[in-house]
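An overview of the molecular structure
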Amino acid sequence: MTSVVVVMACHNRRDTTVQCLRSLVGQCPPEVSLRIVLTDDGSTDGTAAAARAVWPGIRVMQGDGSLFWAKGMALAASAAVDYDFLLWLNDDVVLGPGALTRLLATHRALAGSGQDPLIVGALRDPLTGAVTYSGVVRQSMLRPTHFTKVAPAHRPVAVDTMNGNLVLVPRNVVERVGQIDGKFHHGMADFDYGLRARALGCAVWVAPGTLGTCAGNSAAGSHMDLTLSVWERLRLMRTPKGLPPSSWLRFTRRHAGPLWPAYWLWPYLRLVVGGMLVRNRRRASRAAR
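Owing to the predicted nature of the structure, the values given are computational and were not obtained by experimental measurement.

Let's shift gears to the side chain of R233. Counting through the fold element by element, R233 comes out in helix α7 (residues 230-237). No salt bridge is formed by the buried R233. Its closest oppositely charged neighbour is D225, at 6.9 Å. In contact with R233, other than residues within four places in its own chain, are H223, M224, D225, L226, L228 and L271.

Structural data, given as structure tokens:
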């Protein structure tokens, strides 16, 4: 019997979390046992109770609202015991039929070649069908913090690291690499994990096709929103869901090589200088009218 423990984190989006949990129903073939550990990070909308109603026996870890994704997933993973695989699953993913079976089958095919593979499930937008989350690759070592999304193919595709929305992590990889680094605030912990795994001799592969849906994050209201002022964008950039300096420092020091200070500074400098240049051009254009 193959044991899979699903690890998830959520905060105040009950209906979304319930829809995700419902998509897990029926994913388990007879030879697989499936358990779920969910970190409920201080939800006030009844998410935990709704999750228990959908999946009796789910283990819920309680947070205080300050954990966000990385710390929430690290807490959930720390409570997982007696498993062959962890399945990282974002609570806004809706799995397609047979998604878990396809992840496990891809692992079996690749593990036979002597690898320790993590298997990434690519996801598509529920409306457009465009690939939203998948594995990623570095285009150049001259830009070690720049990654390009990889579209799934008809066969597994090797990548450098991955989005953490849907990832099958074998126990032997966990024993070699450890768990998600909860010292990250929110994002970057998934890219960090894949890169650490690769550095330790593991492999990261994208399973064939897309395995479910997950809408991409909107730029509106974030530090990527060009309609906001430079200083508002910089403020948002420093929040947990932006590019918080301490998390970015942790990432660049590990993965950007000896020039990491320049790579750490660059996105903040680019935002400020680029924003000021745009503002000055707009002022000049208005003055010329």
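Residues L86, W88, L118, V169 and Y193 are the most contacted members of the largest nonpolar core, which totals 49 residues. Residues within four places of Y193 in sequence aside, it is in contact with W88, L118, M162, V169, V173, V174, V177, G178, Q179 and I180. V54, L95, I119 and L123 belong to the second largest nonpolar core, which has 39 residues in total.

This part takes up the packing of aromatic side chains. This structure, assessed with the given rule, holds five aromatic pairs. Aromatic pair W88 and Y193: ring centres 5.2 Å apart, planes at 70°, arrangement edge-to-face. Placement of W88 in strand β4 (residues 85-89) and of Y193 in helix α6 (residues 189-199) is noted, with a sequence separation of 105 residues between them. The exposure classification of W88 matches that of Y193, with both residues buried.

Let us now look at the pairing of β4. Buried residues dominate β4, accounting for five of its five residues. Note that β4 and strand β12 (residues 166-170) share five bridges and pair antiparallel. Opposite W88, over in β12, you have V167 as the bridge partner.

Of all the residues in helix α3 (residues 68-78), the buried ones are W69, A70, G72, M73, A74, A76 and A77. Lining the buried residues of α3 we find β1 (2-10), β2 (32-41), β4 and α6.

Let us look at the sheet that holds strand β11 (residues 161-162). One open sheet accounts for three strands, arranged β9-β8-β11; its pairing is antiparallel. Of all the strands in the sheet, the pair left with one neighbour each is β9 (147-149) and β11. As paired elements, strand β8 (residues 135-138) and β9 share three bridges and run antiparallel to each other. In the sheet register, R138 faces β9, and the bridge partner there is F147.

Let us now look at helix α2 (residues 47-54). Where α2 is concerned, the buried positions are T47, A48, A50, A51 and V54. Viewed end-on, α2 has its buried residues packed into an arc of 165°, placing them on one side of the element. Of the exposed residues in α2, those oriented more than 90 degrees away from the buried face are A49 and A53. In this structure, the buried side of α2 is in contact with β1, α1 (14-24), β2 and β3 (59-63).

The backbone of N12 sits at a positive phi, close to 55°, despite the residue not being glycine. Its location among the elements puts N12 in the loop between β1 and α1. Accessibility expressed as a relative area gives 31% for N12, which makes it partly exposed. At F68, a position not held by glycine, the phi torsion is positive, near 60°.

Here the focus is the state of the cysteines. Here the structure, examined in full by the defined rule, presents zero disulfides. In this structure C20 is a free cysteine whose sulfur lies 8.8 Å from that of C214, the closest cysteine sulfur available.

For the rest of this paragraph, the subject is the pattern of salt bridges. Evaluated as defined, the whole model comprises eleven salt bridges. Between R14 and D15 there is a salt bridge, with the nearest N and O atoms lying 3.6 Å from each other. Among the residues examined, R14 registers a relative accessible area of 36% and is labelled partly exposed. Close ionic contact of R254 with D192 constitutes a salt bridge, the shortest N to O distance being 2.9 Å. Here the residue R254 occupies a position in helix α8 (residues 245-255), and D192 occupies one in helix α6, the gap between them amounting to 62 residues. Looking at R254, the relative accessible area reads 37%, which means it is partly exposed. On the basis of relative accessibility, which here comes to 0%, the residue D192 falls in the buried class.

The next subject is the pairing of β2. Looking along a regular strand, one sees the side chains alternate between the two faces of the sheet. Most of β2 sits inside the fold, with eight of its ten residues counted as buried. Looking at chain direction, β1 and β2 are connected through nine bridges and run parallel. Bridging across to β2, A9 finds its partner in T39. Crossover handedness for the path β1 to α1 to β2: right-handed. Pairing geometry for β2 and β3, over five bridges, is parallel. Bridge pairing links L38 to V60 in β3. For the handedness criterion, the β-α-β arrangement of β2, α2 and β3 is classed as right-handed.

Reading guide: rules and limits
Residues numbered from 1 in each chain as written. Predicted model: local features only at pLDDT ≥ 70, side-chain atom pairs only at ≥ 80, totals over all residues. Heavy atoms only, no water. Helix = DSSP H or I, 4+ residues; strand = E, 2+ residues; numbered from the N terminus. Buried < 20%, exposed > 50% of the residue type's maximum accessible area, 1.4 Å probe, protein only. Lys, Arg positive; Asp, Glu negative; His and termini not counted. Salt bridge = Lys/Arg side-chain N within 4 Å of Asp/Glu carboxyl O. Contact = heavy atoms within 4.5 Å. Core = buried A, V, L, I, M, F, W, Y, C linked by side-chain atoms within 4.5 Å. Phe/Tyr/Trp six-rings, centres within 6.5 Å; stacked < 30°, edge-to-face > 60°. Pairing = 2+ DSSP bridges. Arc of directions from axis to C-beta. Disulfide = S-S within 2.5 Å. Right-handed = clockwise from strand over helix to strand, strands pointing away.

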